[in-house]
Amino acid sequence: MKKRKWVLPLCVIGGVLLLGLIVIGVFLLRHCSGIYVRTSGGRHMVVFDDGGPVIVSTKDKPDRFDGIETGDRIIAVCGFVHETYPAQSEAKFVIRLWKGDLEDIPQKDRDAIWE
């Protein structure tokens, strides 16, 4: 009988924690797909499908973009996109979807990158 007394409060606490993680994931992180570009200075840039070129940093794991080449289509989980010029964000997780090349980048975004 005494064990049952703790089941409901533990379920409520677990539910609140799970809800908190979901809220953090929805409001603080976003997933984006786009085309990866390594800049001439060695920085990582992603031309996101819904927002244009963004410089992406990887402070906690510098080798996050190892194996990804310029033109590859990726999906990334990022933090806030800071509206600077160029826009900047931090990648938490990156997956290469398929290989590509610079011709996959829309012309308007190529012009913005090389201006």
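Student: Lay out the side chain of D72 in plain terms, naming residues and giving numbers.
Tutor: For D72, the position within the fold is in the loop between β3 (52-57) and β4 (73-78). Owing to a relative accessible area of 1%, D72 belongs among the buried residues under this scheme. Setting aside anything within four residues of it in sequence, one finds D72 in contact with G34, I35, Y36, G67, R96, W98, K99 and G100.

Student: Please set out the sheet that holds strand β2 (residues 44-48) residue by residue, giving values where relevant.
Tutor: Across a sheet, paired strands are connected by hydrogen bonds in the backbone, their directions being either parallel or antiparallel. Strand order in this closed barrel of five strands is β1-β2-β3-β5-β4, and the pairing throughout is mixed. Strand-to-strand, the axes of this sheet are offset by a mean angle of 55°, without reference to chain direction.

Student: How would you explain the environment of E90 if you had to name every residue and give the values?
Tutor: Counting through the fold element by element, E90 comes out in strand β5 (residues 87-98). For the pair E90 and C78, spaced 12 residues apart in the sequence, the C-alpha separation amounts to 5.5 Å. Leaving out residues up to four positions away in the same chain, E90 has contacts with V56, S57, K59, D60, V77, C78 and G79.

Analysis parameters
Residues numbered from 1 in each chain as written. Predicted model: local features only at pLDDT ≥ 70, side-chain atom pairs only at ≥ 80, totals over all residues. Heavy atoms only, no water. Helix = DSSP H or I, 4+ residues; strand = E, 2+ residues; numbered from the N terminus. Buried < 20%, exposed > 50% of the residue type's maximum accessible area, 1.4 Å probe, protein only. Contact = heavy atoms within 4.5 Å. Pairing = 2+ DSSP bridges. Axes fitted to C-alpha atoms, helices over the stretch in contact; angles between N-to-C directions.

Scope: geometric values only; no functional claims are made or implied.
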